[in-house]
Amino acid sequence: MFFKQQAGLHLILKMSTKQGVKTLGDMKVNRRSFMKGTAVAAAGVAAPSFFTRNAWGADFVNNPGDAKSVTFGFNVPQTGAYADEGADELRAYKLAVKHLNGEGDGGMLNTMKPLSLKGNGVLGKKIEFVTGDTQTKSDAARSSAKRMIEKDGALMITGGSSSGVAIAVQNLCQEAGVIFMAGLTHSNDTTGKDKKRYGFRHFFNAYMSGAALGPVLKEEMGTDRRAYHLTADYTWGWTQEESIKNTTEALGWTTVNTVKTPVGAGDFSQYITPVLNSGADVLILNHYGKDMINSLTQAVQFGLRDKQVNGKQFEIIVPLFSRLMAQGAGDNIKGILGSTNWNWALQDAGSQAFVKSFGQEYGFPPSQAAHTCYVQALLYANACEMAGSFYPPEVIKALEGFEFDGMGNGKTLYRAEDHQCFKDVLVVRGNQNPSSQFDLLEIVKEVPAEQVTYDPAIFGGELGPYKA
Amino acid sequence: MEAVFLQLLNGLDKGGAYALIALGLTLIFGTLGVVNFAHGATFMIGSFCAVTLQKLLTMSQKVRDESVTFFEAYKEVPYLEIWFGDTGRALIDWTVPLALLFSIPIMLAFGYIMERGLIQRFYKRTHAEQILVTFGLAIVLQELVKAYFGANPIPTPAPDIVSGSAHVGAWLGMSDAIVYPWWRLIYFLFAAILIGGVFAFLNMTTFGMVVRAGMADRETVGLIGIDIDKKFTIVFGIAAVVTGLAGVMYTPVLPPDYHIGMEFLVLSFVVVVVGGMGSLRGAVAAGFLLGILQSFASMTEVKSILPGIDQIIIYLVAVVILLVRPRGLMGREGVMED
C-alpha cells in the first residue's frame, strides 16, 4: 500500500514538473495539456485508495496509522457490587490479548471457524490495552470510556456488567465513532430500541431467556400456574419481566402481579410478604447480582419453597443465572431453574479450549461474563483482519451477518439487523449435589439457536449511520 | 387485613434493625460529639466476624474432583465433621449464634483501637474533618475486607432449626398464609433486648450515670475529678460491640459483602437525625417509625396511588420532620448547634 501511494505521488510530481517547465519556458498555458495533466494527477491521487480499499479511512478516531501497536479499552466494573465479575472479565481480556498476540496456547483461536486471525496481533500490529472502571454506574462508565478514547487512544471499547452501563457506553461510542463490543448485558433494549451501529452484543438477552425457559417450565410446572414477578427497576429488569411474562402467559399461566423493586434494596421483606397471600404459586425474580442473592435468600427464609399453593408446590424461578451469583446464594440456589449464556462444564471443543487456557492461567474456571468478553475481543480482532482495516465502518460491515462456530455456543450468527448474536442458550438448575466448589449449575437443556431467534422488528430501534 | 398485618410485622422487624444499627452511632455522637462515618464499616466488620468464624469452623479437607483436569476442583469436607461427626456439624450449623460471642472481644478491641488510635485526635477538630477522616477509615476497612474476602456476598445461614418460617397467622387465629421467618423474629427480640440492655446500663449503673453526666456537661464532670475520657473510650468500645452484634445477627438476612456497611450508613444517619442528634430514645423511636412507614409504603395499594413512594418515603419523612421539628423527634437544644 505504501509503495502504491509513493508511486502515485511520484507520478503527480513528474507530471506537474513537466507541465511546469513547459509553462514557465513558453509562458503559454495550453488548456488541453492542463486538463490532461490534472486528470492524470487526480488518477494518481486516487490510485492508492482505489487499489487498496481502505486507505481512505485515514481520518477515523484513534487510527493507529503506522504505529506498531493498537490499543483496546477494557471498561469493566473494578469496584462496586460487580467487582468480582469485572475482575473475571479483565482476566478473560488479558488472556484474549495474549492469544491474539501469539502467546500462550492460543485458546479459542484453535477452534474458531472461520478464522482470519494469524496469531500476530491484528493486521500485524501488537495489541495493547488500557482499563477503565465502570463502577456499574452509567456516568462513571461513560467517563472512563471517554478517557480511554480521548487520552489513551483506545480503538475499541468493550466490557461491562450491566445493561444500564452498556446502553450508556454504546451511545457514547456511537457518537465518538468507536466500536463498542458489549460485555455482560441482558436487556432486550441493548440490541433493541437502543441498538447502535457501533454497538455489538454477543451475550444473549431476556427474550432469549424466556424463549429457552418456556418449554422447560411447561414440562416441569405445567400450564396452570399463577406467577408473581419481583423486578429490578431499570432497563434490564423491565425487559426481562416483559419477556418472561409473555412466555409464561403464552403457556397459559396467569400473572398475579408485577412489582418493581429498587436496585440495591438490600432487605426485600416488604416486597416478599405480599407474595405470601397473593394466591401466586410461582415467584419470578427478575433480579441480578446482589439483588438476586438477597431476594432469593430472603424468599427462601419466608418459607416460599416449602409452601403448597393451589394444590401445587410453590416454585421460584431466576431467569438469569450466573455461577458467581450462585456462590453468593449458597444452598438457596439448589433446585432453582434459570438460564445462562454459557457454562464452563460444556464439552464442545471451543469451551474446552477456553476453560483449559483460563484454568491453567488462573487456577479456576471462567464465568459466563469472562466467556462473552473473551469471545467479543476475538470477534472484533477477527473482523479487523477480515476487513483488512481498522476503519470502523469496514469492521462493522465485517461483523454484520458474520457466521462463526467453535466459540462455545454452537453455530452463531452476528445478525446484521440488530447486532445481536444468535446461538444456543442454556437452561440450568442450581445443582443439588455439586461435585466441586465450581459445580454449582447443572445444565438442564441446551436450547438451539433457532428456538430463541426472533424478528428484529419486534423491539424497534435504529442502528444509525456507518459513518459517525 | 392480612397484608396490613404482615407489613406491620415487617415494619417492626425493620424498625428493630434500624434502631439497633443507629444506636451505636447516636451513642458515639451523644458522648464524644464525633460524627462517625466509619459506623457502617463497624457494622461490616461485625458481620465479617461471623464470616471469619464460619471460615474457621469450616476449614476443610479437600477431596479432588478428578474429572476436572484444567484446574483444581474439589469438594470440601470440614475437619470438624470428620473429627466430631454430628457434633462438628452442629457447631458449623450454629456459626452465627456462636459468632455473637466470638465478635464481642474483637469488636471491643476494634472500638478501643479506633478511638485511641484515631478518633481521639479529632475531638477538637471540626465535624467536617471528623467526617473526612472517619469516611476515609471506612474506605480503607472496606478495601481491606474486599482484598481478602472478595466482592461477592458470602452466604452465612442461620441454624437449620430457625431457618424456616413461623406460623404467626395460625398462632393468632388468622390465615395460615401468614408466616414470618424465625430468624427475623429472633432479630427483633435480640434488638429489643440489646436496646433495653444499653438503656439499663446507662440509666441504672454508676458508670452509666457518669457517662450521662459527661454527655450533658463534660467539663464539669472532669472538674470533679472523674477521668471522663477513659469512660468515653469504654463507651466507644460498647458502641462498637452493639453495632458489631447488629452486623453478626444480620448476616443470615443479608449475605455480607464488603459494602454492606455503606448501605446502612446513610440510613442510620437519617434515623439519628430524625430521632434527634444525640438522643438514644429518639434513635429508637425514629428507627421504628421509619421501618414501619417504609413497609407500608411498599404495599401495592399505596404504590398504585403514589408510584415510587417506597423508594423515597424515608427521606420524605425526614424532610417533613426536620421542617416541623428542626431538632428531630427528641433532639436536645444546643446539640450540633454551635
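I will try to describe carefully the structure that is included in this document. The numbers attached to residues start from 1 for each chain and follow its sequence in the written order. Working convention: letters from A go to chains and numbers from 1 go to ligands, in the order in which they are written. Local features in this predicted model are restricted to residues whose pLDDT is 70 or higher, and side-chain atom pairs enter the listing and the counts only when it is 80 or higher, whereas totals over whole chains, interfaces and linings include all residues.

**Points about the overall build of chain B**
When you go through chain B residue by residue, the secondary structure sums to 15 helices and 4 strands. With the radius of gyration taken over C-alpha atoms, the globule rule is written as 2.2 Å times the number of residues to the power 0.38. For chain B, whose C-alpha radius of gyration is 22 Å, the value lies close to the compact-globule estimate of 20 Å for 338 residues. Overall, chain B is about 70 × 50 × 40 Å in size when its C-alpha atoms are taken along their principal axes. In this scheme the burial state of a residue depends on its C-beta neighbours within 10 Å: 20 or more other such atoms mean buried, 12 or fewer mean exposed, and anything in between means partly exposed; the C-beta positions come from the backbone. Here chain B, with 338 residues, has 45% of them falling under the buried criterion. C-beta atoms are placed from the backbone for every residue, and two residues are taken to be in contact when these atoms lie within 7 Å. Sequence-distant contacts, at least 24 apart, represent 73% of the contacts inside chain B between residues at least 6 apart. Numbering goes from the N terminus for both helices and strands, where a helix is a DSSP run of H or I of at least four residues and a strand is a run of E of at least two.

**Points about the sheet that holds strand E7 (residues 254–261) of chain A**
Residues and elements named next belong to chain A. With respect to topology, 7 strands assemble into an open sheet ordered E7-E6-E8-E11-E12-E16-E17, the strand pairing being mixed. Strand pairing shows two members of the sheet lacking a second neighbour, E7 and strand E17 (441–447), which therefore form its edges. Across this sheet, the average inter-strand angle for adjacent strands is 20°, counted without regard to direction. Any two strands between which DSSP finds at least two bridges are classified as paired. Strand direction decides the pairing type here: strand E16 (residues 425–430) and E17, joined by 6 bridges, are antiparallel. Its bridge partner lying in E17, valine 428 is registered against isoleucine 443. The axes used here are C-alpha line fits, helices contributing only the stretch in contact, and every angle between their N-to-C directions lies in the interval 0 to 180 degrees.

**Some points on helix H12 (residues 260–275) of chain B**
Residues and elements named next belong to chain B. Expected helix span is taken as 1.5 Å per residue step, with the number of steps being one fewer than the number of residues. The first and last C-alpha atoms of H12 sit 23 Å apart over 16 residues, in line with the 22 Å expected at 1.5 Å per residue. Buried residues dominate H12, accounting for 12 of its 16 residues. Buried within H12 are the following residues: Ile260, Gly261, Phe264, Leu265, Ser268, Phe269, Val270, Val271, Val272, Val273, Val274 and Gly275. Of the surrounding secondary structure, the elements contacted by the buried residues of H12 are helix H1 (2–32), helix H2 (39–57), helix H6 (127–149), helix H13 (280–297) and helix H15 (309–324). Glycine 276 occupies a position one or two residues after H12 and carries a positive phi of about 115°.

**Some thoughts on the packing of H2 of chain B against H12 of chain B**
Residue and element names in this part refer to chain B. Running from amino to carboxyl end, H2 crosses H12 at an angle of 140°, the nearest separation of the two axes being 7 Å. Judged by the angle between their axes, H2 and H12 are oblique. Seen along the crossing, H2 lies across H12 with a hand that is right-handed. Contacts from His39, Gly40, Ala41, Phe43, Met44 and Ser47 of H2 reach H12 at Ile260, Gly261, Met262, Phe264, Leu265 and Ser268. Throughout, the term roughly parallel applies to angles under 35 degrees, roughly antiparallel to angles over 145, roughly perpendicular to angles from 65 to 115, and oblique to all others. Each crossing gets its hand from how the near helix is turned against the far one by less than a right angle, where anticlockwise is left-handed and clockwise is right-handed.

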